Amino acid sequence: MYLPHLVEQLFIGISTGAIYAIVAIGFNLVFGTMNVLNLAHGATMMLGSYGLLLAYYLGLDNFWLAAVAGIGLAIITGLTIERVAVRPLRGHWWNTKVATLGVGLFLENLVALITAGFPKNVPRPFNPTYHELFAGIEISDVQVMLILISISVMLGMVAFLRRTPAGKAIRVLAQSPDLARSVGINVDRVTLIGFGVSGMLAGVAGILNAMTYGSTYPFVGVTLGLKGIVVLIVAGIGNMRGCLYVGLALGIAETMAIGLGGSHYRDLIAYLSMVLILLVRPHGLFGEEGRVEREV
Amino acid sequence: MKTVVPPVLNVENLEVRYGAVVAATGISLTVHRGEVVALLGPNGAGKTSVLHAIMGFVKPAAGSVSFFDGRYVHDIAGLEAHRMAHLGIAIVPSAQVVLPRMVVEENLEVGGLFLLHDRTEVHRRMTALFERFPVLAQRRKQYAATLSGGEQRQLAIARGLMAKPKLMLLDEPSLGLAPMILKEIFALLRRINREDGVDILIVEQNVNKALEIADRAYVMRIGGIDFSGTSAEVAEGERLKDAYLGT
Ligand SMILES: Nc1ncnc2c1ncn2[C@@H]1O[C@H](COP(=O)(O)OP(=O)(O)OP(=O)(O)O)[C@@H](O)[C@H]1O
Ligand SMILES: [Mg+2]
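Note that this is a predicted model, so its numbers are computed, not measured.

Participant: Would you take a moment to explain the overall build of chain A for this structure?
Facilitator: Across its full length, chain A holds 12 helices and four strands. Relative to the globule expectation of 19 Å for 296 residues, the C-alpha radius of gyration of chain A, 19 Å, shows essentially globular dimensions. Along the three orthogonal principal directions, the C-alpha set of chain A runs to about 60 × 50 × 35 Å. When the 296 residues of chain A are sorted by exposure, 50% land in the buried category. Considering only residue pairs separated by 6 or more positions, chain A has 73% of its internal contacts joining residues 24 or more positions apart.

Participant: I would appreciate a short explanation of the environment of B:Leu87 in the present structure.
Facilitator: Relative to the elements of secondary structure, B:Leu87 occurs in helix α2 (residues 81-87). In this structure, B:Leu87 is in contact with B:Phe67, B:Asp69, B:His74, B:Ile76, B:Leu79 and B:Lys166, ignoring residues within four places of it in sequence.

Participant: Could you clarify how one ought to interpret the packing of helix α2 (residues 41-57) of chain A against helix α8 (residues 187-213) of chain A in this entry?
Facilitator: Packed helices, taken two at a time, are described by the angle between their axes plus the distance between the axes. Residue and element names in this part refer to chain A. It is at 7 Å that the axes of α2 and α8 come closest, and there the two elements cross at 60°. Overall, the two elements α2 and α8 adopt an arrangement that is oblique. In terms of crossing hand, the pair formed by α2 and α8 is right-handed. When α2 is examined against α8, the residues His41, Thr44, Met45, Gly48, Ser49 and Leu52 are found in contact with a partner set consisting of Ser198, Gly199, Ala202, Gly203, Ala205, Gly206, Ile207 and Ala210. Residue classes in the contact of α2 with α8 are distributed as six nonpolar, eight polar and no charged.

Participant: Would you mind showing me how to read unusual backbone geometry here?
Facilitator: Glycine aside, negative phi is the norm for most residues, and most peptide bonds take the trans geometry. Residues and elements named next belong to chain A. Positive phi outside glycine occurs at Ala116, with the angle close to 65°. Mapping Ala116 onto the fold places it in the loop between α4 (93-115) and β1 (120-121). Judged by its relative accessible area of 52%, Ala116 is exposed.

Participant: Sorry, what's going on with the sheet that holds strand β8 (residues 199-203) of chain B here?
Facilitator: Strand pairing in a sheet relies on backbone hydrogen bonds, with the paired strands running either antiparallel or parallel. Residue and element names in this part refer to chain B. Taken together, the six strands give an open sheet; going across it, the order is β6-β7-β8-β3-β9-β10, and neighbouring strands pair in mixed fashion. Each edge of the sheet is formed by a strand with only one pairing partner; in this case those strands are β6 (89-92) and β10 (224-230). Adjacent strand axes in the sheet meet at a mean angle of 15°, parallel and antiparallel pairs treated alike. Along the sheet, helix α6 (residues 149-161) makes contact with β6 and β7 (167-171), crossing β7 at roughly 160°. Against the sheet, helix α7 (residues 179-195) contacts β3 (36-40), β7 and β8, and its axis sits at roughly 150° relative to β8.

Participant: Can you walk me through the interface of chain B and chain A in this structure?
Facilitator: A common way to express how large an interface is: the accessible area buried when the components associate. Taken together, the contacts link 25 residues of chain B with 24 residues of chain A. Ranking the residues of chain B by area buried against chain A places B:His82, B:Arg101 and B:Phe114 at the top, with a combined share of 34%. Scanning the region where chain B abuts chain A turns up three salt bridges. Across the pair A:Arg171 and B:Glu106 runs a salt bridge whose closest N-O atoms are separated by 2.8 Å. Where chain B packs against chain A, one counts seven residue pairs in polar contact (both at pLDDT 80 or more). Within the residue set of the side of chain B that touches chain A, elements represented by two or more residues are α2 and α3 (104-116) of chain B. Here the side of chain B that touches chain A gets seven residues from one element, more than from any other, and that element is α3(B). Per-class residue counts for the side of chain B that touches chain A are 15 nonpolar, four polar and six charged.

Participant: So what exactly am I meant to see when it comes to the pattern of salt bridges here?
Facilitator: All names here are of chain A. Going through the model one piece at a time under the given rule, you end up with 18 salt bridges over all chains. Among the ionic pairs, Lys227 bridges to Glu254, the shortest N-O distance being 3.3 Å. Of this pair, Lys227 sits in helix α9 (residues 220-235) while Glu254 sits in helix α10 (residues 240-261), and the two are 27 residues apart along the sequence. Each member of the pair, Lys227 as well as Glu254, carries the same accessibility label: buried.

What counts, and where the lines are drawn
Residue positions are given per chain, counting from 1 as you read along its sequence in written order. Chain labels run from A onward and ligand labels from 1 onward, assigned in the order the entries are written. Where totals are concerned, whole chains, interfaces and linings use all residues; where local detail is concerned, this predicted model gives features only for residues with pLDDT of at least 70, and gives and counts side-chain atom pairs only at 80 or more. Side-chain metrics rest on all non-hydrogen atoms present in the structure, leaving aside hydrogens and water. Comment: elements are numbered from the N terminus, with helices defined as DSSP H or I runs of at least four residues and strands as E runs of at least two. Using C-alpha atoms as the atom set, the radius of gyration is obtained and then compared with a globule rule of 2.2 Å times the number of residues to the power 0.38. Each residue is assigned to one of three classes by its accessible area relative to the maximum for its type, calculated with a 1.4 Å probe on protein chains only: buried under 20%, partly exposed between the two thresholds, exposed over 50%. It only takes one pair of heavy atoms within 4.5 Å for two residues to be counted as in contact. As a rule, the C-alpha atoms of each element are fitted with a line to give its axis, helices using only the stretch in contact, and angles between N-to-C directions run from 0 to 180 degrees. Our angle categories are set so that under 35 degrees counts as roughly parallel, over 145 as roughly antiparallel, 65 to 115 as roughly perpendicular, and the remainder as oblique. Handedness of a helix crossing follows the sense of rotation of the near helix relative to the far helix, less than a right angle counterclockwise being left-handed and clockwise being right-handed. As a working rule, the residues Ala, Val, Leu, Ile, Met, Phe, Trp, Tyr, Cys and Pro are called nonpolar, Asp, Glu, Lys and Arg charged, and the rest polar, with Gly in that last group. By this definition, two strands are paired if DSSP reports at least two bridges between them. Summed over both partners, the accessible area lost on bringing two parts together, with a 1.4 Å probe, is the buried area. When a carboxyl oxygen of Asp or Glu lies within 4 Å of a side-chain nitrogen of Lys or Arg, that pair is called a salt bridge. Here a polar contact is taken to be a pair of N or O atoms separated by no more than 3.5 Å, where protein atoms must pair a possible hydrogen donor with a possible acceptor and residues adjacent in sequence count only if both atoms sit in side chains.

Shape is all these values report; function is a separate question.
See below:
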């Protein structure tokens, strides 16, 4: 493989890795703070991309507005999951896992039933044009946009968690539910907000993924969701910045593996690296010791 | 003519259970305006359980709890803890007293952010409390996890004061503190009571220290209240020793 190709692969790796990071951060928001592993997160991503398609189908002929509609559907899904599969089972760690898994499977099979299970093409905001950077290295404007959107989403999340009262409430809740209550935080409401924001991140990830491949299918969230969990666990639960680094690293490693050996090495890389890293660091790369025991 | 002022906190026949385990039963106690009241007793007597039931961390299995905010008497038994906070009740727990992954400044801010609903007021209170707790002011950008035990306890008390509570519940503030720091914290609690007009219900293992600052005390044996009285009465009587020795 010659150098320009390698650099092009690197860009693709960064943009897919950024999607993994967003998925992982979405998981982390409800897992690291509210102690719920939301196994319907993948289905929520899928609904984000189908929401976009639905908006087109209903006659909305603008990519960005349709994307907003898709994200809206994902937010509603996140909120509904909290009310239906999480709140009634509050505190029952296994039960919420099973319930969210059930909701996820239901949604995926429902969409498969309605759409006959075929992948669907997803419109693009514009047709990609390639620009030569230097020495024959080309990058498409869609790729640049994917990377920029991902960066803004992550900066937005950091600002939300650091600066806004709702974001601070989520962080307090993550550290101690009782302390959260004692400073006047309505834990039910903040949990709901957390699921809403997590749903929004799922919607964004689902749409970015559809933009990357130009298509989506009912079970797109299964692999993507698993990758998100891999990133979260390898990064260390509760660590947003870790999710970003590990997500990018995984995306880059995967595309490099494809470039060097072919696409069947792709998932091997993901899961093997998880096992190896966890053997060396059981709490993840950026995780604090004791944190997992305390919060799981 | 004498007007009757209701007690700030009035607990009657409270029972706290964890499933089949009865942690405390038949608990009746009051805290009047201006008072520091101590709740004493041996390990496992149920002191923390009583405090947690008052705050709403656990739902009382039976009994009534009322809180007088200066204007109205609220029936608060079974209310969620965040509503207690909004009514003007603060708690300083015995374990995990601070938010470890937030800096000192943010720990303090969080104490008022959801109760004061006005950022300028939050900042005014922060400035006032940093003046009052110079140790915390020096460490404002430091993560709370890196503070010493005494500093963490001070931070928790300062956080509790952010929204100007009427009643403060403290669970073993002396836990793990060196004698010098302990003296400082107890002097501080007395000032909070006298100068800020915060009524205090304090759970303590350090009986002597607690009786020094308390006006009255309740002594628990396992699961219930054994006896009560003014601090002097409780300190002098033989029953205190009995309660701790379980005789
Ligand atoms: N979450 C819980 N689940 C079950 N039992 C509990 C729980 N918390 C406390 N208990 C039990 O209730 C009883 C009273 O405990 P509590 O913590 O209220 O006592 P305490 O007086 O605060 O003791 P200490 O002085 O050791 O702090 C104990 O027997 C304890 O084992
Ligand atoms: Mg206790």
